[in-house]
Amino acid sequence: MAKSSKVRNPLSVLDEDPQGGSLGLELPPGALIDRPGRRGWWREPEPLLWVSDEAVGVGALAAYRSSALAAAGLQAVLLQGRPGLERWWQERELVPERMSDPDDHHVEPVLREFWSRVVPDPEEGEGEDGEGLIAPFGRAWPGLAERGPDGVDPEGAACALADELIESGFLSSPRLALVPAGRGADVPTAVGWGGPTNFENDTALISAVLRSWEDRFGARVVALGFDELHVSVAAPPRTVAHALPVAAEHFAFSPDNIRQGSGSIRAYADEAVTGSKHWGFWWD
């Protein structure tokens, strides 16, 4: 029986066509970053992602986030460095071989498990570090939030948020990155991103949640930092009542957003979820 041929990495086209003309693109100067692992004459290096050499500006994501790119199996996102780790994607921080497959996980069991890790102990009582932190919910997992109302075009919302974050200086020196992935939610897993490592070291679980937010709220991954994730939201909750269970999901997903941020699920729902087209997450 003949051996099946190896699937060609979508990034391979950039070896022969560095500007991506065959994909309808005109990429800025950049470089392929190879998948980590042992190398030798018996194993050709495999590209993991492509990253622009210099920071990009307003309009960059819109210019390269095309249907042709997605059809080729590539996703465009932004990468942002931080002091001391300006190019963390080149510092052996990406470990794709450690990640499982997002297809093997379902959002509700994932978030239920995350929730069980972060809810306060009964000994914390009713104060701000106890029941007050998660009110109006109890310690039992409250379940998934209902999907968002009809919203704007998700890809348009992603590009608009990218421009806003760049223009405001929130993303001070973002690089454009192209990643082989079937959907944007899978980008963190595809590159082996370790941003949530102190909370969860299998990023496929993070992607499972992002997939569900894509489907329910028109969410799209816009930018990755060393330990930060920025997501656009085309159909956010419009009322606090709807935002509360979404805030509970966010607490399970990234507890520092609330523990070191708003202080309670109720405050976070009002400040960061209701009507918000930008969901930002970070892990300490």
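Above: the structure in question.
Residues numbered from 1 in each chain as written. Predicted model: local features only at pLDDT ≥ 70, side-chain atom pairs only at ≥ 80, totals over all residues. Heavy atoms only, no water.

(A) Looking closely at the overall build of the chain. Within the chain, the secondary structure is distributed over 11 helices and 7 strands. Taken over C-alpha atoms, the radius of gyration comes to 20 Å for the chain, in line with the 19 Å a tight globule of 284 residues would show. Along the first, second and third principal axes, the C-alpha atoms of the chain reach 60 × 40 × 40 Å. When burial is assessed residue by residue, the chain has 50% of its 284 residues classed as buried. Looking at the chain as shown, the accessible area adds up to about 13600 Å², and 48% of this sits on carbon and sulfur atoms. Placing the 25 positive and 44 negative side-chain charges of the chain at their respective mean positions leaves the two points 6 Å apart. (Helix = DSSP H or I, 4+ residues; strand = E, 2+ residues; numbered from the N terminus. Rg over C-alpha atoms; globule rule 2.2 N^0.38 Å. Buried < 20%, exposed > 50% of the residue type's maximum accessible area, 1.4 Å probe, protein only. Areas by Shrake-Rupley, 256 points an atom, 1.4 Å probe, with all protein chains shown as cover. Lys, Arg positive; Asp, Glu negative; His and termini not counted. Charge placed at Lys NZ, Arg CZ, Asp CG, Glu CD.)

(B) Fine view of the packing of helix α8 (residues 203-217) against helix α9 (residues 240-253). One can describe the packing of α8 onto α9 by two numbers: an axis separation of 11 Å at closest approach and a directional angle of 160°. With respect to α9, the element α8 is oriented roughly antiparallel. In this structure, α8 crosses over α9, and the sense of that crossing is left-handed. Contacts between α8 and α9 involve I206, V209, L210, W213, R216 and F217 from the former and H242, V246, E249, H250 and F253 from the latter. Residue composition of the contact of α8 with α9, by class: 7 nonpolar, 2 polar and 2 charged. (Axes fitted to C-alpha atoms, helices over the stretch in contact; angles between N-to-C directions. Parallel < 35°, antiparallel > 145°, perpendicular 65-115°, else oblique. Left-handed = near helix turned anticlockwise from the far one by under 90°. Contact = heavy atoms within 4.5 Å. Nonpolar A, V, L, I, M, F, W, Y, C, P; charged D, E, K, R; others polar.)

(C) Here's a closer look at the nonpolar core. In this structure, L49, W115, L229, F253 and I265 are the most contacted members of the largest nonpolar core, which totals 58 residues. Residue contributions to this core peak at 8 residues, all from α9. Leaving out residues up to four positions away in the same chain, F253 has contacts with L111, F114, F199, I206, V209, L210, W213, L229, F281 and W283. Within the second largest apolar cluster, 25 residues are counted, among which are L69, L171, L178 and A223. (Core = buried A, V, L, I, M, F, W, Y, C linked by side-chain atoms within 4.5 Å.)

(D) Representation of the environment of S22 within the structure. Among the secondary structure elements, S22 is positioned in the loop between α1 (13-16) and β1 (30-34). Of the residues examined, S22 reaches a relative accessible area of 53% and is grouped as exposed. The spatial distance from the C-alpha of S22 to the C-alpha of R35 is 24 Å, given a sequence separation of 13 residues.

(E) Focus on the pattern of salt bridges. Enumeration according to the criterion identifies 12 salt bridges in this entry. A salt bridge links D186 to R211, with the nearest nitrogen and oxygen atoms 2.8 Å apart. Here D186 is found in the loop between β4 (175-180) and α7 (187-191), whereas its partner R211 is found in helix α8, with 25 residues between them in sequence. Taken individually, D186 and R211 each receive the classification buried, so the pair is uniform in this respect. Each of R65, E155 and R220 takes part in one network of salt bridges that share partners. (Salt bridge = Lys/Arg side-chain N within 4 Å of Asp/Glu carboxyl O.)

(F) Structural detail: the side chain of T189. Locating T189 in the fold gives a position in helix α7. Take T189: its relative accessible area is 8%, and that puts it in the buried class. Looking at T189, its side chain comes within polar contact range of the side chain of S207, at 2.7 Å. In this structure, T189 is in contact with M99, S100, P102, T203, A204 and S207, ignoring residues within four places of it in sequence. (Polar contact = N/O pair within 3.5 Å; in protein donor to acceptor, adjacent residues only side chain to side chain.)

(G) Quick look at α8. Helix length check: α8, at 15 residues, gives a terminal C-alpha distance of 20 Å against a target of 21 Å (1.5 Å per residue), a fit within 8%. Among the 15 residues in α8, 14 count as buried, and that is most of the element. Phi turns positive one or two residues past the end of α8, at G218, with a value near 65°. (Expected span 1.5 Å × (residues − 1).)

(H) Structural detail: the packing of aromatic side chains. Tallied over the full model, the rule gives 11 aromatic pairs. Plain terms: the ring middles of F114 and F199 are 5.1 Å apart, the flat faces sit at 65° to each other, and that makes the pair edge-to-face. With a gap of 85 residues between them, F114 in helix α4 (residues 107-118) and F199 in the loop between α7 and α8 connect regions that are remote in the sequence. Looking at F199, the relative accessible area reads 17%, which means it is buried. (Phe/Tyr/Trp six-rings, centres within 6.5 Å; stacked < 30°, edge-to-face > 60°.)

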